[in-house]
Amino acid sequence: MSAVFLKRSSSAVLASLALCVVASAQQSQQAKIPHPPALPSQAKPTAPPVVKTPRPETPGAITKTAPPARATAPTKLPAGLAPHARPDRERVDVSEPGDGRIWARGADWKASFGEEGATYVPFLGSCAATSHPIAFSIDAITAGGEPVRFDGHAAATHSAQRVEFDRGGVVEVYDLAARSVEQSFVFSELPAAGDLVVRMNVTTDLSVAGAADGVRFSNELGSVTYTGATVVDAHGRSAALAASSNGTSLELVVPGAFLASAAYPVVIDPVISTFPVDTTSPSDYSPDTAYDFGFNRYLVVEEETFSGTDHDVYATLLDSTGGFVNAGYVDSSGDYWALPKVANNNIANQFLVVAEVSPSGSGPWNIRGRTVDAGALAMSGQFTISVGETGDKILPSVGGDPNPNPPTYYCVAWTRIFASGDDDIHYQLVDSSGGLLFGSTHYIDDSAATLDYSPSVSKSDGTEPFGTQEWNVVWTREFSSTDHDIYGAQIHWDGGITTPSFGLDTSTADDYFAVASSPHDAASGTRNWMVAFNELVGGDWDVLAWALNGGSTFAFATLSGLESDAGSGTYFENQLYPQTDCDGSKFAITYAESYLGSATDYDMYIATFSLVGINFRIAEGHQNLDFSSDGSFDSGVTSRHSGNANPGRFMAAWDLFVGGSGDVYGGLYDAPLFQPFCFPGFDASACPCGNPPSGIGRGCNNSSNTGGAVLYATGVPRNDSVVLHGYDMRPTTTGFCIFFQGANLAQNGIIFGDGRRCTAIPLKRLYIEHVPGGAANAPTGSEQSILTRSAALGDSISPGMTRWYQIQYRDPLNYACGGVATFNATNALQIDW
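Since the structure is predicted, the reported quantities are computational estimates derived from the model, not experimental observations.

Scoring rules and cut-offs
- Per-chain numbering applies: the sequence of each chain, read as written, is numbered from 1 onward.
- In view of the model being predicted, local features appear only for residues whose pLDDT reaches at least 70, and side-chain atom pairs are presented and counted only at 80 or more, with totals across whole chains, interfaces and linings using the full set of residues.
- To get the side-chain values, take all heavy atoms of the structure and skip hydrogens and water.
- Here, nonpolar core means buried Ala, Val, Leu, Ile, Met, Phe, Trp, Tyr and Cys residues that are tied together by side-chain atoms lying within 4.5 Å of each other.
- Exposure classes here rest on a 1.4 Å probe applied to the protein chains alone. A residue is buried below 20% of its type maximum, exposed above 50%, and partly exposed in between.
- In this scheme, strands are said to pair when DSSP sees at least two bridges between them.
- Secondary structure elements are taken from DSSP: a helix is a run of H or I of four residues or more, a strand is a run of E of two residues or more, and numbering for both begins at the N terminus.
- Here a residue-residue contact requires only that any non-hydrogen atoms of the pair lie within 4.5 Å.
- By the criterion applied in these results, polar contacts are pairs of N or O atoms within 3.5 Å in which, for protein atoms, one can donate a hydrogen and the other can accept it, and in which residues neighboring in sequence qualify only through two side-chain atoms.
- Any two cysteine sulfur atoms within 2.5 Å of one another count as a disulfide.
- Lines are fitted to the C-alpha atoms to define the axes, a helix being fitted only along its stretch in contact, and any angle between axes, read from their N-to-C directions, falls within 0 to 180 degrees.
- For this analysis, a ring pair means two rings from Phe, Tyr or Trp (six-membered ring only for Trp) whose centres lie within 6.5 Å, classed as stacked if their planes differ by under 30 degrees, edge-to-face if by over 60, and tilted for the remaining angles.

*Asks:* So what's going on with the nonpolar core? Which residues, and what values?
*Replies:* Core analysis: the largest hydrophobic core is formed by 44 residues, its most contacted members being Phe113, Phe185, Phe187, Tyr226 and Leu250. Counting 22 residues, the second-largest nonpolar core is a separate cluster that includes Ala709, Leu766, Ala776 and Ile831.

Structure follows, in structure tokens:
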């Protein structure tokens with residue numbers, strides 16, 4: 001496991017890995033033909049009755065008895081200390097989101113510009129219950145008492161960090177800086193001599209009072225000053241001006257004596273700036289992340305509190321090592337954007353960011369989106385995704401498509417509040433231009449009188465073959481106030497529903513926060529996937545999981561219990577808010593874990609799991625991402641494979657709350673590429689003749705008492721560079737061992753000499769090697785690679801296939817089984833090619 005921590009301006013410390021994708025040539029040449037999607041039903045169907053039963057005991061469903069002994073707790077960072085300094089916010093972001101206005105965001109302000117004028121909104125701290133905008137519009141201009149004609153409805157234009165209104169008789173200019181906005185009025189000529197008076201209408205709920213050289217707008221949180229006004233002519237002559245206000249208007253006066261000898265154009269130049277009392281950075285939280293293969297970059301999105309009625313969405317583009325590339329606002333308007341999610345479209349080198357949006361945070365709510373280019377961070381206009389339906393639309397989720405064969409889409413799902421006691425799950429497909437595939441919203445579950453909410457769409461619909469590309473979707477249904485169930489569905493890459501709504505876990509257990517993984521790779525047939533969720537077990541919250549093939553469950557585990565059994569010792573802590581993705585081979589889970597039972601001190605962890613037959617197995621458990629005295633809670637996770645890269649690497653993003661204000665961190669994690677298993681007496685049947693291994697991770701003990709032999713691997717499966725390694729076999733200078741491959745699995749192990757064989761027929765003898773010192777490697781020297789050797793033996797392996805490996809080695813002494821057996825075996829190894 002390796003990880004880096006990053007903030008918006010942090011540097012990279014983890015070297016990138018070479019990317020290589022092995023695709024099926026046959027699949028790549030096929031044409032993708034969308035199936036016509038079914039039209040939405042006109043009437044809400046009645047949900048079938050559910051018979052509630054206790055969940056049956058299943059392998060991995062662990063009953064808690066007494067807390068396990070725990071090692072001395074390691075020292076944590078003091079509260080308020082984080083691995084990196086706070087990010088540099090000294091920048092200006094300008095955007096046109098599609099609402100007809102230009103929006104700009106500085107370090108402590110935002111502003112919008114439309115034909116009626118400019119609106120300046122100071123940042124007065126994330127604790128502000130609402131925003132406090134100040135709207136400016138020109139009311140009248142006179143020169144020597146004569147009116148100066150101007151267009152009060154001129155459109156705003158922008159270039160870099162300047163916004164202009166060409167109003168005919170005057171050009172109104174706004175120059176944007178991180179901590180101020182400089183407003184200017186440029187006059188090419190005036191109709192008469194005398195004083196020049198510019199009067200503006202001002203609308204705000206802030207108190208207005210005179211200041212030393214201008215006007216101050218303030219409340220108990222902070223203030224905005226409109227000061228520093230000067231007049232400058234074409235020769236550089238200048239004079240200070242005073243700004244005055246009567247509470248509803250603001251007036252600037254240029255003396256006629258200055259204008260009498262002025263060279264035109266003449267510029268009036270006041271400055272608007274913010275001086276907040278609360279000087280903390282905006283609070284950032286609810287992060288999510290996705291990966292783009294074409295540019296080898298990640299996008300992290302987060303929600304940011306500007307005020308109680310105005311939340312924004314910020315996006316940070318990172319390189320493959322977590323280094324900063326670019327950043328900007330997906331939304332910095334006056335609307336309330338919440339709970340952002342992001343996914344990637346590989347062929348377009350693009351991300352789609354979605355959020356629930358309301359004009360003021362109190363409704364009506366809709367799902368809106370914006371595409372973000374992975375190369376230049378260029379953004380489309382904002383657009384509405386939830387169309388043609390009544391009720392508020394909230395809690396969005398989005399999945400992308402890694403397939404390089406067009407057409408490809410994003411899948412967006414959300415909760416629709418239909419009526420009291422009736423919430424539904426709806427969806428829409430979005431193309432890379434922001435176009436909606438369906439003319440109206442489609443239904444995943446539109447049943448009457450059911451409370452279905454909080455859908456989770458898998459990060460992607462999986463890599464090729466595209467015939468089995470499915471977005472996996474899960475959500476929560478409230479059966480009662482103390483019994484919540486998990487429902488699921490699958491949506492094909494073209495928008496058709498492959499697996500209609502079904503009850504995934506309708507037991508009497510109370511389940512929450514269900515999340516769906518991307519599909520596991522498979523060369524053919526229906527693919528496996530995983531659902532992780534929270535459940536209250538024995539007085540604390542644990543992470544549990546179901547494995548599914550299509551719409552059928554086939555494995556269940558308490559993942560928190562498996563981690564504790566593997567040595568974490570934290571089974572009696574809370575593990576909350578899981579997120580998951582699949583890299584085509586391993587399932588990664590991020591979650592927040594309480595520290596020594598604290599209600600506020602939570603740390604962020606990641607773990608990876610494999611499916612070995614019908615059982616979950618830990619690939620690598622309880623890997624720490626954040627370990628401080630502050631609170632980490634929400635997270636997002638993506639595999640690079642969900643963007644069409646090789647399996648192995650994941651990125652996680654999470655929030656860290658310091659003193660009530662949230663910051664966003666991220667880490668890169670490399671999952672193991674191979675899954676060891678078949679440890680007799682642990683995950684397989686006991687050794688046949690009372691010769692157990694010395695511990696988990698080994699085969700049965702041998703006559704040399706090495707504790708049992710071990711098989712592991714190095715290399716990369718997709719590059720066909722895998723080398724198998726065995727050690728702690730019986731040392732001999734004349735003996736040999738056989739590296740063999742199985743196309744099937746013997747889940748509990750078959751008696752095999754003095755050991756257990758968990759690989760099953762048909763078996764292929766790949767290599768025969770000598771074992772000096774009890775160790776051997778294969779392939780070596782000029783020997784064929786595993787894929788080449790397997791194909792030569794009649795077993796061609798395509799990407800997405802799984803094979804199992806073990807070593808048989810000589811042990812001819814009269815040992816465990818009374819001399820009947822003359823050989824033993826290592827543990828087994830699963831490789832997802």
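*Asks:* Quick one: what's the story with the sheet that holds strand β24 (residues 350-358), residue by residue and with numbers?
*Replies:* One open sheet accounts for four strands, arranged β23-β24-β25-β26; its pairing is antiparallel. Taken across any chain shown, the strands that pair with only one partner, and hence form the sheet edges, are β23 (336-345) and β26 (383-384). Bridge count between β24 and strand β25 (residues 366-373): eight bridges; the pairing is antiparallel. Counted as the bridge partner of Phe351 is Val372 from β25.

*Asks:* An account of the environment of Asp510 is needed here, citing residue identities and associated values.
*Replies:* With respect to the element layout, Asp510 can be found in the loop between β34 (497-505) and β35 (511-516). Taking the C-alpha atoms as reference points, Asp510 and His484, separated by 26 residues in sequence, lie 4.9 Å from one another. Those residues within four positions of Asp510 in sequence are excluded, and the remaining contacts are Thr482, Asp483, His484, Asn534, Glu535 and Leu536. For Asp510, the side chain forms a polar contact with the main-chain nitrogen of His484, separated by 2.8 Å.

*Asks:* Kindly report on the state of the cysteines, identifying the contributing residues and their values.
*Replies:* Enumeration according to the criterion identifies three disulfides in this entry. Each sulfur of the disulfide joining Cys678 and Cys758 lies 2.0 Å from the other. For the disulfide bridge between Cys678 and Cys758, the dihedral angle about the S-S bond is near 70°, and by the sign convention the bridge is right-handed. Of this pair, Cys678 sits in the loop between β46 (675-677) and β47 (710-714) while Cys758 sits in strand β50 (residues 755-770); the two residues are 80 residues apart in sequence, bridging distant segments of the chain. Through a disulfide, Cys687 is tied to Cys700; the S-S separation comes to 2.1 Å.

*Asks:* Describe in detail the sheet that holds strand β22 (residues 324-331), supporting the description with residues and values.
*Replies:* The antiparallel open sheet is built from four strands, whose spatial order is β19-β20-β21-β22. Each end of this open sheet is capped by a strand with a single partner; those strands are β19 (283-292) and β22. The average undirected angle you get between the axes of adjacent strands in this sheet is 20°. Relative to strand β21 (residues 310-318), strand β20 (residues 297-307) is paired through nine bridges, and the arrangement is antiparallel. Bridging across to β21, Leu299 finds its partner in Leu317.

*Asks:* I'd like to hear about the packing of aromatic side chains, residue by residue, with values.
*Replies:* A complete count under the given rule lists 24 aromatic pairs for this structure. Aromatic pair Trp109 and Tyr120: ring centres 6.1 Å apart, planes at 20°, arrangement stacked. Taken together, the positions of Trp109 in strand β3 (residues 109-114) and Tyr120 in strand β4 (residues 117-122) put the pair 11 residues apart, joining distant regions of the chain. The same class applies to Trp109 as to Tyr120, namely buried. On the numbers, 5.2 Å between centres and 40° between planes, the contact of Tyr602 with Phe633 is tilted. Taken together, the residues Tyr602 in strand β41 (residues 602-612) and Phe633 in strand β43 (residues 631-639) connect sequence positions 31 residues apart. Cluster of aromatic residues (ring-pair linked, three or more members): Tyr512, Phe513, Trp541 and Tyr577.

*Asks:* Before we move on, could you go through unusual backbone geometry and cite the residues and values that matter?
*Replies:* Across the junction of Gly363 and Pro364, the peptide omega takes the value -10°, indicating a cis bond. Along the chain, Pro364 turns up in the loop between β24 and β25. For the peptide bond that leads from Ala778 to Pro779, omega is 0°, which places it in the cis range. With a phi close to 45°, Asn349 is a non-glycine residue in the positive phi region. Topologically, Asn349 is positioned in the loop between β23 and β24. The backbone of Asp720 shows a phi angle near 55°, a positive value even though the residue is not glycine.

By themselves these figures say nothing about function.
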